[in-house]
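What the coordinates show
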Amino acid sequence: MARIEIARVSKIYTGGVRAVSDVDIDIADGEFIVLVGPSGCGKSTLLRMVAGLETISEGSVSIGGRRINDVEPAERDIAMVFQNYALYPHMSVYKNLAYGLKNRGTPKAEIDARVAEAARMLELEPYLERKPRALSGGQRQRVAMGRAIVRKPAAFLFDEPLSNLDAKLRVSMRGEIKQLQKRLGTTSIYVTHDQLEAMTLADRLVVLNGGRIEQIGAPLEVYHRPASTFVASFIGSPAMNLLPATVFNGGILIGDQLSGLSANLPNGHVTLGLRAEDLRLVTQGTGMPFTISFIEDLGAQRLLHGLCGGHPLVVAVSPDLDLPANIRLTIAADRLHFFAVDTGKRIEPGPAPVQPAQNGTETAASEAGMTAGF
Amino acid sequence: MKRVQFNNRFLPYLFLLPQMAVIVIFFYWPSIQAIQSSFYIEDPFGFGSTFVGLRNYHDALFGGDYLNIAVFTVWFTIVVTVLSLSIGLLLAVKADAILRGASAYKTALIAVYAVAPPAAGLIGSMFFDQHIGPFVKLVSYFGWDMKVGVNYYDTAFAMIFISVWKQIPYNFIFCLSGLQGIPVSVREAATIDCRSGFRRFWTVILPLLSPTAFFLLIINMTYSLFDTFGIVDTVVKDKAANNPVTLVYKIYLDGFRGNDLGGSSAQSVILMIVVFVLTIFQFRFLERRVHYG
């Protein structure tokens, strides 16, 4: 149990490729941090630098106040769970769990007690004498977890531990990891490319892109206030709709069509972000026309793929909703996201304008209060 | 695994035929001939043979220097196997760990394997030559007056040296590919679990390398017993008499130089039985400790 400070850490490979650039993360004691991003974003490299499997090119990492840049992996007081389990194939489950303790000179009785405790916690007791190859994928994953738990380290490092499991097992193991971490209170860093896993596990999310941090924050904070178009499109499923838009005298044009939406922003081009699940259908009134191209039925929700102002847009609706012939869309004004066109960074509009800019929106705006119509 | 169905039930046997023919003609037939002629005394000029029962075996086991040569062969086999295997493994472990120039290093080590045994023996003979050999010159500075082909122990040293040198690349290739077959993540897990690299090697790397090591152990013993023939020949040929030779070389000497076909056949049957027993022993007792992935 310890605080982990990652300060201005970079990884520069020979040839000058920067896999990780100036990453700063301050991880509190007992916190569950998830590093998330697409493949090649540097998340695994960052984790491996904390583990000591990669050298740290620049910056420093400290665990529990001790700088560990030049400390051997075995002496960093961390335990790692690998994607492909990395169990020792020639050792029984018991020996796999005991190996790290034995090498640290832990007394036999203590090893026995800790292995028994971990085996009970992970329901591995019947398998202690088996070799890893005689176990199922889920059981192997438990052994890998057990190997980390018995050590009682300052931090757990997880490198995509669930991606080799099937979908159903992944959900249940996800729950178990979360519970276990809460129970043990061990500081954890978890790497994944699965945004759902990231959202459900994390106390705080770190979204990485091209070796840089795009955003750090609690899952819902990241979901509701994405710091950039990258985060907006990466977190949340289906991905946020991003449309090119123009602000003119407080009104918003999507493509070349007047949308009637308003924002307190200076004139110019912006990227407008609309979550599929925030959009509402209206049967009458002043919403913007939306033409459906195709429909995806997911059971719990129904995704309408179509065009709005000439740009592709996805709307999530309840599956038992009757689709009117003439669909128009509305969205709550506080659910609009704006991003700069050049940098992709989030722009916060000023306080809501008193005067709607367009005549057509007047009725809709006054009817629904906070709701702005297309 | 893809299963192939044959329409004609004799077709698979036809495909097996070339392989079986090679085994029968070059292994079983000579073996049976050797067993047969080991019970006869062959006329040196080929005018006939006389059945003598087990006399050839008795002569071989109790006659002359057979036992001395057998003892030397055992030592020779153990030393060559242990040295070439451990040096090959050591080099492979080191080659596996380096990051830069790895391929140049590997090629340099593997290249020796392309040298044919007699050529290796010849290179070795030059290396240990009384007049021009650089090794002899080098050790003379340390007061070792080396006389390969005259001094029994010096000759043995040269033979072992050349045999080991010749076999290292073979072991190196297999050990290296064995090492590279060990998953990277397992090694990484071990670096987190165990601080000492030496201990990691003994507890994780070596057990995972055991199938390769077991295979190499058998191959190296066979090499030391039989394939060193060319090296022994180039080192001791046309040299003074009191030189160490291995059993295989003695069989050759007795059979083709001494024209005692019956005697040398008896010796080769004995050797065949020894190797047979040894192989069974290895599979029964050593293979149990081998972990196949």
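Residues numbered from 1 in each chain as written. Chains lettered and ligands numbered in written order. Predicted model: local features only at pLDDT ≥ 70, side-chain atom pairs only at ≥ 80, totals over all residues. Heavy atoms only, no water.

1. Observations concerning unusual backbone geometry
Residues and elements named next belong to chain A. Spelled out, the test is: Helix numbering and strand numbering both begin at the N terminus, where a helix is a DSSP run of H or I of at least 4 residues and a strand a DSSP run of E of at least 2. Residue burial is assigned from relative accessible area. The probe radius is 1.4 Å, only protein chains are included, and a residue is buried under 20% of its type maximum, exposed over 50%, and partly exposed in between.
Following serine 237, the chain continues to proline 238 via a peptide bond in cis, the omega torsion being 0 degrees. Here proline 238 is to be found in the loop between helix 8 (229-234) and strand 11 (241-248). A positive phi angle is found at alanine 86, which is not glycine, with a value near 50 degrees. Position of alanine 86 relative to the elements: it lies in the loop between strand 6 (78-81) and helix 2 (93-102). Here alanine 86 falls in the buried class, since its relative accessible area comes to 2%.

2. Here's the deal with the packing of aromatic side chains
Think of a pair of aromatic rings as described by two things: how far the centres are apart, and how the planes are tilted against each other in angle. Basically, it comes down to this: When the centres of two rings from Phe, Tyr and Trp lie within 6.5 Å, Trp using its six-membered ring, the rings pair. Their planes under 30 degrees apart give stacked, over 60 give edge-to-face, and anything left gives tilted.
Under the criterion given, the structure shown has 33 aromatic pairs over all chains. Considering the side-chain rings of A:Phe32 and A:Tyr190, the 5.8 Å spacing of their centres and the 40 degrees angle between planes classify their relative orientation as tilted. Of the two residues, A:Phe32 sits in strand 3 (residues 32-36) while A:Tyr190 sits in strand 8 (residues 187-192), which places them 158 residues apart along the sequence. Exposure remark for A:Phe32: the relative accessible area of 0% places this residue in the buried category. Geometrically, the ring pair formed by B:Phe214 and B:Phe283 is edge-to-face, given 5.2 Å between the ring centres and 90 degrees between the ring planes.

3. A few points about the sheet that holds strand 4 (residues 58-63) of chain A
Adjacent strands of a sheet form backbone hydrogen bonds with each other and so pair up, either parallel or antiparallel. Residues and elements named next belong to chain A. Note the cut-off: Here, a strand pair is defined by DSSP locating no fewer than two bridges between the strands. Note on contacts: a residue pair qualifies if any of its non-hydrogen atoms lie within 4.5 Å across the two residues. Orientation is described by lines fitted to C-alpha atoms, with helices fitted over the stretch in contact, and by angles between N-to-C directions that extend from 0 to 180 degrees.
Read across the open sheet, the four strands follow the order 2-1-4-5; overall the sheet is antiparallel. Because the sheet does not close on itself, it has two edges, and the strands there are strand 2 (18-27) and strand 5 (66-67). Summarising the sheet, strand 4 and strand 5 pair through two bridges and their orientation is antiparallel. Residue pairing across strands places serine 62 opposite arginine 67, the latter belonging to strand 5. Sitting on the sheet, helix 1 (residues 43-51) touches strand 1 (4-12), strand 2 and strand 4, and the angle it makes with strand 1 is about 120 degrees.

4. Things to note about the pattern of salt bridges
Filter applied, for reference: Whenever Lys or Arg places a side-chain nitrogen within 4 Å of a carboxyl oxygen from Asp or Glu, that contact is recorded as a salt bridge.
According to the stated counting rule, one finds 26 salt bridges over all chains in the structure shown. Here A:Arg3 and A:Glu5 are joined by a salt bridge, their closest N and O atoms 3.3 Å apart. Accessibility expressed as a relative area gives 39% for A:Arg3, which makes it partly exposed. The class of A:Glu5 is partly exposed, set by a relative accessible area of 27%. Close ionic contact of A:Lys43 with A:Glu160 constitutes a salt bridge, the shortest N to O distance being 3.9 Å. Residue A:Lys43 is found in helix 1, and its partner A:Glu160 is found in the loop between strand 7 (155-159) and helix 5 (167-184); the two are separated by 117 residues along the sequence. You'll find A:Lys43 and A:Glu160 in the same group, each marked buried. Connected through shared salt-bridge partners, A:Lys11, A:Arg48, A:Glu54 and B:Glu188 make up one network.

5. Here we look at helix 4 (residues 137-150) of chain A
This is how the line gets drawn: Every helix has an expected span of 1.5 Å times one less than the residues it contains.
Its 14 residues give helix 4 of chain A an end-to-end C-alpha distance of 20 Å, which sits within 8% of 20 Å, the value for a rise of 1.5 Å per residue. Of all 14 residues making up helix 4 of chain A, twelve are buried, and the element is well covered by its neighbours. Buried residues of helix 4 of chain A: A:Gly138, A:Gln139, A:Gln141, A:Arg142, A:Val143, A:Ala144, A:Met145, A:Gly146, A:Arg147, A:Ala148, A:Ile149 and A:Val150, and no others. Contact partners of the buried residues in helix 4 of chain A: strand 6, helix 2, helix 3 (108-121), strand 7 and helix 5 of chain A together with helix 8 (184-193) of chain B. Positive backbone phi, at 50 degrees, marks A:Lys152, one or two positions downstream of helix 4 of chain A.

6. Observations regarding the packing of helix 7 (residues 152-180) of chain B against helix 9 (residues 197-227) of chain B
The packing of two helices is summarised by the inter-axis angle and the distance between the axes. Residue and element names in this part refer to chain B. Condition: Any angle that falls under 35 degrees is termed roughly parallel, while one over 145 is termed roughly antiparallel, one within 65 to 115 roughly perpendicular, and all others oblique. Working rule for handedness: look at the near helix, and if it is turned counterclockwise from the far one by less than a right angle, call the crossing left-handed; if clockwise, right-handed. Throughout this entry, Asp, Glu, Lys and Arg are counted as charged residues, while Ala, Val, Leu, Ile, Met, Phe, Trp, Tyr, Cys and Pro are counted as nonpolar. The remaining residues, Gly among them, count as polar.
Here helix 7 crosses helix 9 at 150 degrees, and the two axes come no closer than 10 Å. Here helix 7 lies roughly antiparallel to helix 9, going by the angle between them. Every pair of crossing elements has a handedness; the one defined by helix 7 and helix 9 is right-handed. Taken together, the residues of helix 9 that come into contact with helix 7 (itself represented by Ser163, Lys166, Gln167, Tyr170, Asn171, Phe174, Cys175, Gly178 and Leu179) are Ile205, Leu209, Thr212, Phe215, Leu216, Ile219, Asn220 and Tyr223. By residue class, the composition of the contact of helix 7 with helix 9 is ten nonpolar, six polar and one charged.

7. Observations concerning the sheet that holds strand 19 (residues 311-317) of chain A
All names here are of chain A. One open sheet accounts for three strands, arranged 17-18-19; its pairing is antiparallel. The open sheet is flanked by strand 17 (291-297) and strand 19, the only strands paired with a single partner. Strand-to-strand twist across the sheet, computed as the mean angle between neighbouring axes with direction ignored, equals 25 degrees. Alignment of strand 17 against strand 18 (residues 302-308), held across six bridges, turns out to be antiparallel. When the sheet's bridge partners are listed, threonine 291 is paired in strand 18 with leucine 307.

8. So, the environment of A:Arg151
The criterion, for reference: Pairs of N or O atoms are called polar contacts if they sit within 3.5 Å, as long as, within protein, a hydrogen donor faces a hydrogen acceptor (for residues adjacent in sequence, only side-chain-to-side-chain pairs).
With respect to the helices and strands, the residue A:Arg151 is situated in the loop between helix 4 and strand 7. Sequence separation between A:Arg151 and A:Ile78 is 73 residues; the distance between their C-alpha atoms is 8.5 Å. Apart from residues lying up to four places away in sequence, A:Arg151 is in contact with A:Asp77, A:Ile78, A:Ala79, A:Gly100, A:Leu101, A:Arg104, A:Arg114, B:Ile192 and B:Asp193. Polar contacts involving the side chain of A:Arg151 include one to the main-chain carbonyl oxygen of A:Ile78, which spans 2.8 Å.

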